[in-house]
Amino acid sequence: MTDPLTRWREHAGSAVLLDGFHALKHALRFGAEVPVAVTTDRAAALALAGELAGDVRDALDALLIEVPAQTYASLVPRPHPTGVAALAVRPSREANLRTLARTPRTAPVVVLDNPRNLGNAGAVIRLAAGFGATGVVTTGTLDPWHPTVVRGGAGLHFATAVERLGVDELPPGPVFALDPEGDDIRGVKLPDDAVLAFGSERSGLSVALRARADHLLSLPMRPQVSSYNLATSVAMTLYHWSVTGGASTDSRASS
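Residues numbered from 1 in each chain as written. Predicted model: local features only at pLDDT ≥ 70, side-chain atom pairs only at ≥ 80, totals over all residues. Heavy atoms only, no water.

Undergrad: Explain helix α7 (residues 118-131) here, please?
TA: Along an α-helix, residues three or four positions apart point the same way, because every turn accommodates 3.6 residues. For α7, built from 14 residues, the straight-helix expectation of 20 Å at 1.5 Å per residue is met to within 8% by its first-to-last C-alpha distance of 20 Å. Looking only at α7, the buried set comprises Asn-120, Ala-121, Gly-122, Val-124, Ile-125, Ala-128, Ala-129 and Phe-131. Packed against the buried residues of α7 are β5 (109-112), β6 (135-138), α8 (147-152), β7 (161-164) and α10 (230-243). Its side-chain oxygen at 2.9 Å from the backbone nitrogen of Gly-119, Asn-117 defines the N-terminal cap of α7. Count one or two residues on from α7 and you reach Gly-132, which has phi positive near 75 degrees. (Helix = DSSP H or I, 4+ residues; strand = E, 2+ residues; numbered from the N terminus. Expected span 1.5 Å × (residues − 1). Buried < 20%, exposed > 50% of the residue type's maximum accessible area, 1.4 Å probe, protein only. Contact = heavy atoms within 4.5 Å. Polar contact = N/O pair within 3.5 Å; in protein donor to acceptor, adjacent residues only side chain to side chain.)

What follows is the structure, given as structure tokens:
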């Protein structure tokens, strides 16, 4: 068997870091190709899999290689409490673009217009995966596959199509953009092929995205409250879609 450090170095330049047990668990559940996975305690990691993720325990058993704690710490920006890390092959841009462009869709695409906060972007991707959204698109300079975003997304980048595009490259479908001056979302049924756009945490919708929007919608908010967190806004909007005719999702909780 190839030394895990050699294999890690071979893939580190182009692969996605899966930081922690739960990120690896989710990536495997959604078909990620994982060429190398390490842990500081193989027995503990497999016991955790047996308790929380029996569906991927066999895959983890075949993948996980135990390494010294010092070696593990040298491979990650900051050690995760579970002592697990892996590298996964990033889905091709071409495959993601095909997914985003395919019609008819059974679930919306979420667009983050020039987001600034890496943690917020990761939280949105996790939300989108939970609701079964077709994908998450970012505009602007933030890389939605940045390691901090992947960490915030808990490996669920592999459960939905995640790409960075220009406003002029957005997937097909009616664009519903969230804006304080828009129509109350409670009076609107969001179609499955909707493109749901959310402005920057600092400056809201860009001029280009606002011009591209077919509909402006607002979320209910108490007077004198300035705004919601970006991930909260996305969650409220996706929930509204799901209860006003959106495609059904499996509501059973999973670990």
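Now that the structure is up, let's keep going.
Undergrad: How do you make sense of unusual backbone geometry when you look at a structure like this?
TA: Note: most peptide bonds trans; most residues except glycine with negative phi. In the segment running from Thr-103 into Pro-104, the intervening peptide bond is cis, with an omega of -5 degrees. At Asn-114, a position not held by glycine, the phi torsion is positive, near 55 degrees. Position of Asn-114 relative to the elements: it lies in the loop between β5 and α7. At Ala-154, a residue that is not glycine, the phi angle is positive and equals roughly 55 degrees. Here Ala-154 shows up in the loop between α8 and β7. Among the residues examined, Ala-154 registers a relative accessible area of 9% and is labelled buried.

Undergrad: What is the right way to read the packing of aromatic side chains from this model?
TA: Remark: the centre distance and the inter-plane angle together describe each pair of aromatic rings, the angle taken between the planes. All told, the structure shown has one aromatic pair when counted by the stated rule. For the pair Trp-145 and Phe-158, a centre-to-centre distance of 5.7 Å together with 80 degrees between the ring planes defines the contact as edge-to-face. Of this pair, Trp-145 sits in the loop between β6 and α8 while Phe-158 sits in the loop between α8 and β7, placing them 13 residues apart in sequence. Take Trp-145 and Phe-158: they sit in the same class, and that class is buried. (Phe/Tyr/Trp six-rings, centres within 6.5 Å; stacked < 30°, edge-to-face > 60°.)

Undergrad: Looking at this structure, I do not really get the sheet that holds strand β4 (residues 84-88). What am I missing?
TA: Two orientations exist for strands paired in a sheet by backbone hydrogen bonds: parallel and antiparallel. Ordered by their spatial adjacency, four strands build an open sheet running β1-β4-β2-β3, and the pairing between neighbours is mixed. Two strands in the sheet have a free side with no partner beyond their single neighbour: β1 (16-19) and β3 (64-66). Each strand of the sheet is rotated relative to its neighbour by a mean of 25 degrees, with strand direction disregarded. Of the strand pairs in this sheet, strand β2 (residues 36-39) and β4 are connected by four bridges, and their pairing is antiparallel. Bridge pairing links Val-36 to Leu-87 in β4. Along the sheet, helix α1 (residues 4-11) makes contact with β1, β2, β3 and β4, crossing β2 at roughly 130 degrees. Across the face of the sheet, helix α3 (residues 42-52) comes into contact with β2, β3 and β4 while running at roughly 150 degrees to β3. (Pairing = 2+ DSSP bridges. Axes fitted to C-alpha atoms, helices over the stretch in contact; angles between N-to-C directions.)

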